[in-house]
Amino acid sequence: MKPGRFLSFEGIDGAGKSSHIEWLAGWLRERGREVLVTREPGGTELAERLRELVLHQPMDALTEALLVFAARRDHLATQIEPALARGSVVLCDRFTDATFAYQGAGRGFDLGVLATLETWVQQGRQPDLTLWFDLAPATAAARRAAVRAPDRFESQDQAFFERVRAGYARRAADDPARFAIVDASATPEAVRRQIETTLDARGPW
Ligand SMILES: Nc1ncnc2c1ncn2[C@@H]1O[C@H](COP(=O)(O)OP(=O)(O)O)[C@@H](O)[C@H]1O
Ligand SMILES: Cc1cn([C@H]2C[C@H](O)[C@@H](COP(=O)(O)OP(=O)(O)O)O2)c(=O)[nH]c1=O
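The structure displayed is predicted, hence computed values, not measured ones.

**Student:** Please clarify how the site of ligand 1 should be interpreted in this entry.
**Tutor:** Around ligand 1 lies a shell of 17 residues, among which G14, K17, S18, S19 and A186 are the nearest. Contacts to ligand 1 include S19, whose side-chain N or O atom sits 2.5 Å from an oxygen atom. Isolated, ligand 1 exposes 560 Å² of accessible area, and the fraction of that covered by the protein chains is 76%. One can see that ligand 1 is located within the largest pocket. Only α1 (17–30), α6 (137–147) and α8 (188–202) provide two or more residues apiece to the shell around ligand 1. Ranked by the residues each element gives to the shell around ligand 1, the list is headed by α1, at 4 residues. Grouping the constituent residues of the shell around ligand 1 by class yields 7 nonpolar, 6 polar and 4 charged.

Written as structure tokens, this is what we have:
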């Protein structure tokens, strides 16, 4: 059996993560891999209920951080770890880097507390590879406006998304071996080629 692999997709809202996850799932399945496509906050019945609250209910930054980590704990224990143990590739639309970027850099919440929660909840588990879809906030906002109504995060101003982007840049600089930076301003075909090149370099799959 091939070992399980854990891939996360990160970036500001509208960067193109969701559009490319299904494509990558197909690419991996063609190569004979079992794939679990999932997302955070979410991925379990409990975590999806917490997601609804986080996305739509007003709350302070500590409550927000505790709820996303509570959702993550349930998701890891009941979905991600079992999938990795049976040799699947897990494709997760956002993971803990989003907490450091949104609650940490975006909201200004204490990074030390987030690091403590990360240790408790993940027990050393990290994605094997994180694809960071990097895009200017103005471009992402234009893409979002064309397709959907904003939630609590998407209705934030451009300065918030500049901070979130800087938060991702810091996480990438802290762990360059895990991160691959995707230029998300490229055409969808060119984005797919970047992902393929990255995966080819990290194979075999
Ligand atoms: N490379 C791209 N160029 C132009 N538009 C894109 C690109 N990637 C995605 N989009 C479009 O931008 C919008 C937001 O993409 P989405 O995948 O939902 O982003 P995310 O999941 O990162 O929030 C969608 O309408 C999608 O079709
Ligand atoms: C995982 C996670 C997401 N978020 C936010 C970022 C996003 O704005 C939102 C939901 O993410 P996402 O699934 O990308 O939204 P959509 O379905 O609209 O594409 O949750 C956090 O603030 N902290 C976190 O830890």
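**Student:** How should I be thinking about the packing of aromatic side chains in this particular structure?
**Tutor:** We describe a pair of aromatic rings using the distance from one ring centre to the other and the angle between the two ring planes. Scanning the model with the defined rule gives 7 aromatic pairs in all. By the ring-pair criterion, three or more aromatic residues cluster together here, those being Y102, F153, F160 and F161. Directly above the ring of W205 sits R5, whose terminal nitrogen or CZ lies 4.1 Å from the centroid. Positioned over the ring face of F95 is R72, at 5.2 Å from the centre of the ring.

**Student:** Hey, could you run me through the confidence of the model for the protein chain in this one?
**Tutor:** Residues shown with low pLDDT carry predicted positions that ought not to be read at fine detail. On average, the protein chain scores 97 in pLDDT, and the residues at 70 or more come to 100%. Predicted complex, confidence summary: ipTM 0.96, pTM 0.97.

Rules behind the numbers
- Residues numbered from 1 in each chain as written.
- Chains lettered and ligands numbered in written order.
- Predicted model: local features only at pLDDT ≥ 70, side-chain atom pairs only at ≥ 80, totals over all residues.
- Heavy atoms only, no water.
- Near = heavy atom within 4 Å.
- Polar contact = N/O pair within 3.5 Å; in protein donor to acceptor, adjacent residues only side chain to side chain.
- Areas by Shrake-Rupley, 256 points an atom, 1.4 Å probe, with all protein chains shown as cover.
- 1 Å grid on protein atoms, 1.4 Å probe; cavity = no way out; pocket = protein on both sides within 12 Å on 5 of 7 lines; lining within 4 Å.
- Sits in = over half its atoms within 2 Å of the grid points.
- Helix = DSSP H or I, 4+ residues; strand = E, 2+ residues; numbered from the N terminus.
- Nonpolar A, V, L, I, M, F, W, Y, C, P; charged D, E, K, R; others polar.
- Phe/Tyr/Trp six-rings, centres within 6.5 Å; stacked < 30°, edge-to-face > 60°.
- Lys NZ or Arg CZ within 6 Å of the ring centre and 35° of its normal.
- pLDDT = per-residue confidence, 0-100.

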